[in-house]
Amino acid sequence: MQYLISPYNKEVKYDFKKDITVYDTTLRDGEQTPGVAFSKEEKLTIARKLDELKIPQIEAGFPMVSTIEQDIVKAIANEDLDADIICLARTKIEDIDVALDADVDGIITFMGASDLHLEHKLHFTREQALNLCMRSVEYAKDHGLFVAFSAEDATRADLDFLKRMYKKAEGYNVDRVHIADTVGAATPQGIDYLVRELKKDIKTDIAMHCHNDFGLGLSNSIAGLLAGASAVSVTVNGIGERAGNVSLEELVMSLKILYGKDLGFKTKHIKEVSEIVSKATGLDVPYNKPIVGKNVFRHESGIHVDAVIEEPLTYEPYVPELVGQQRQLVLGKHSGCRAVKAKLDACGYKVSNDELCEIVKAVKKTREKGTYINDDVFKEIVKNTSLSDP
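For the structure given in this document, a descriptive report is provided here. Source: prediction; values computed, not measured.

Details of the environment of Met253
Here's step 1: As for its position among the elements, Met253 is in helix α9 (residues 248-258).
Here's step 2: Placed 103 residues apart in sequence, Met253 and Leu356 show a C-alpha to C-alpha distance of 40 Å.
Here's step 3: In contact with Met253, other than residues within four places in its own chain, are Leu258, Thr267, Ile270, Ile291, Tyr318 and Val323.

In structure tokens:
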């Protein structure tokens, strides 16, 4: 058995679209994390690994940023990956021309939709914004690109205006419209309402682009998918501006394990991709980070370890190999005889029950003094009990 979830999950009908597209924006929105700038080789390595994971769409960057960025995006587009390569473009013809020169398969073009953004960032009226957007959509479609139109700050925009934006884009044959929860200001219930309202008037595919300012990015994305959206953006390790984006690993595994929606990803590569992005960004993955954190499959508590040794799923919802992780039994102040015995067996030591009890006491005492018990420390503890070497 590879995983075991709550039976109550199965009492609920999850009405997802048949096909869900996950597009990864680690190389674009993820790179907007303050202090992060990927090199060309780092971007190529990450893109190859995402392709190996079977991500269907990779947002490779924002080529209008610089000639170097354009060169990198073009290099990724010419890697002959299975994934479609898309990029970001403002609603300007020159941006789309640069994207075309980069050989991408498609673009995401965007415009602020809330009055807050229109007034204080863009200094546009609603009508000006609408007209500018559609010229860009039409131009990109005329040049054979996949075109997604993203309404920035959509979750704080007037609903009627938002519908007008998407409906007009639909009239220009846009391939997908994006709901950007730009500052994570929506709740899952609010997302559910918004998507269902939009679906009353919009036939085009809807994508979710959620930020994690309140820790609700994943929940909001799944709520949107359940309400009828058919695409969702993610980043590896959840990197991105402020509190980051929706974590690729959390979304993929939540859908696969909890909701029974397997999107066909090669999840055994998840840990490796996470480590590559962590190294490239210089951002450590928190030990308690779901799916890829070091502590996710590490067990110290004696009660837990006893059960895990007999049946791992007692304290793990799925086996670590599914995501390229490994289980670890950690010795510490909460360790019991069974955990220490397992470690002794692994090291090849044979001990009596009395000796085992003494080693357990020494393990607890050592850890309570602040010493982390790695293999060398453990062997020293064993040695100090006058036991013979294995």
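Details of the pairing of strand β1 (residues 21-24)
Here's step 1: In this sheet, strand β8 (residues 231-234) lies alongside β1 in parallel orientation, the contact comprising four bridges. By the bridge assignment for β8, Thr21 is matched with Ala231.
Here's step 2: Here β1 runs beside strand β2 (residues 57-59); their pairing, made up of two bridges, is parallel. Residue Tyr23 lies in a different strand from β2, and its bridge partner there is Gln57.
Here's step 3: The parallel pair β1 and β2 is bridged by helix α1 (residues 40-53), and the resulting crossover is right-handed.

Some points on the sheet that holds strand β5 (residues 146-152)
Here's step 1: With parallel pairing, the eight strands of this closed barrel are ordered in space as β1-β2-β3-β4-β5-β6-β7-β8. Between one strand axis and the next, the sheet turns through 25° on average, direction left out of account.
Here's step 2: Pairing of strand β6 (residues 176-181) with strand β7 (residues 205-210), which is carried by six bridges, proceeds in the parallel orientation. Bridging across to β7, Arg176 finds its partner in Asp205.
Here's step 3: Contacting β4 (106-112) and β5, helix α5 (residues 126-142) runs over the sheet at an angle of about 175° to β4.

What about the packing of helix α6 (residues 159-171) against helix α7 (residues 188-199)?
Here's step 1: Running from amino to carboxyl end, α6 crosses α7 at an angle of 50°, the nearest separation of the two axes being 10 Å. Relative to α7, α6 is oriented oblique. The element α6 and its partner α7 pack so that their crossing is right-handed. Contacts between α6 and α7 pair Leu159, Leu162, Lys163 and Tyr166 from the former with Tyr193, Leu194, Glu197 and Leu198 from the latter.
Here's step 2: Its residues assigned to classes, the contact of α6 with α7 shows six nonpolar, no polar and two charged.

Some words on helix α11 (residues 302-310)
Given 3.6 residues per helical turn, the α-helix brings residues three or four places apart onto the same face.
Here's step 1: By the burial criterion, the buried members of α11 are Gly302, Val305 and Val308. Here the buried residues of α11 occupy an arc of 125° about the axis, which is enough to place them on one side. Of the exposed residues in α11, the ones pointing more than 90 degrees away from its buried face are Ile303 and Glu310.
Here's step 2: The inward-facing, buried residues of α11 abut β9 (298-299), β10 (328-329) and α12 (337-347).

A short note on unusual backbone geometry
Here's step 1: Backbone geometry places Asp153, a non-glycine residue, at a positive phi of 60°.
Here's step 2: Checked against the element boundaries, Asp153 lands in the loop between β5 and α6.
Here's step 3: Look at Asp153 and you get buried, because its relative accessible area is 0%.
Here's step 4: Despite not being glycine, Asn237 shows a phi value in the positive range, around 65°.

What to know about the nonpolar core
Here's step 1: In terms of nonpolar packing, the biggest core is built from 90 residues, with Ile76, Val104, Ile107, Leu162, Met165, Tyr166 and Ile179 touching the most fellow members.
Here's step 2: Not counting residues up to four positions away in its chain, the partners in contact with Tyr166 are Phe149, Ala151, Ala154, Val177, His178, Ile179, Leu198 and Ile202.
Here's step 3: Ranked by size, the runner-up nonpolar core spans 14 residues in total, among them Val305, Val340, Leu356 and Val382.

Examining the environment of Lys10
Here's step 1: Relative to the elements of secondary structure, Lys10 occurs in the segment before β1.
Here's step 2: In this structure the C-alpha to C-alpha distance between Lys10 and Leu258, which are 248 residues apart in sequence, comes to 9.1 Å.

Some thoughts on the side chain of Glu249
Here's step 1: Mapped onto the fold, Glu249 is located in helix α9.
Here's step 2: In this structure Glu249 touches Thr235, Val236, Asn237, Gly238, Ile270, Lys289, Pro290, Ile291 and Val292, once residues within four positions along its chain are discounted.

Thoughts on the packing of aromatic side chains
Here's step 1: Taken as a whole, this structure holds four aromatic pairs when the rule is applied.
Here's step 2: Taken together, a centroid distance of 5.8 Å and an interplanar angle of 80° make the contact between Phe16 and Tyr259 edge-to-face. You can see Phe16 sitting in the segment before β1 and its partner Tyr259 sitting in the loop between α9 and α10 (270-281), a full 243 residues away along the chain.
Here's step 3: For Phe16, a relative accessible area of 12% corresponds to the buried category.
Here's step 4: Classification of Tyr259 by relative accessible area gives partly exposed; the value is 25%.
Here's step 5: Judged by centre distance (6.4 Å) and plane angle (75°), the rings of Phe149 and Tyr166 are edge-to-face. Residue Phe149 is located in strand β5, and its partner Tyr166 is located in helix α6; the two are separated by 17 residues in the primary sequence. The two residues Phe149 and Tyr166 agree in class, both being buried.
Here's step 6: Joined through ring pairs, the aromatic side chains of Tyr14, Phe16 and Tyr259 make up one cluster.

What counts and what doesn't
Residues numbered from 1 in each chain as written. Predicted model: local features only at pLDDT ≥ 70, side-chain atom pairs only at ≥ 80, totals over all residues. Heavy atoms only, no water. Helix = DSSP H or I, 4+ residues; strand = E, 2+ residues; numbered from the N terminus. Contact = heavy atoms within 4.5 Å. Pairing = 2+ DSSP bridges. Right-handed = clockwise from strand over helix to strand, strands pointing away. Axes fitted to C-alpha atoms, helices over the stretch in contact; angles between N-to-C directions. Parallel < 35°, antiparallel > 145°, perpendicular 65-115°, else oblique. Left-handed = near helix turned anticlockwise from the far one by under 90°. Nonpolar A, V, L, I, M, F, W, Y, C, P; charged D, E, K, R; others polar. Buried < 20%, exposed > 50% of the residue type's maximum accessible area, 1.4 Å probe, protein only. Arc of directions from axis to C-beta. Core = buried A, V, L, I, M, F, W, Y, C linked by side-chain atoms within 4.5 Å. Phe/Tyr/Trp six-rings, centres within 6.5 Å; stacked < 30°, edge-to-face > 60°.

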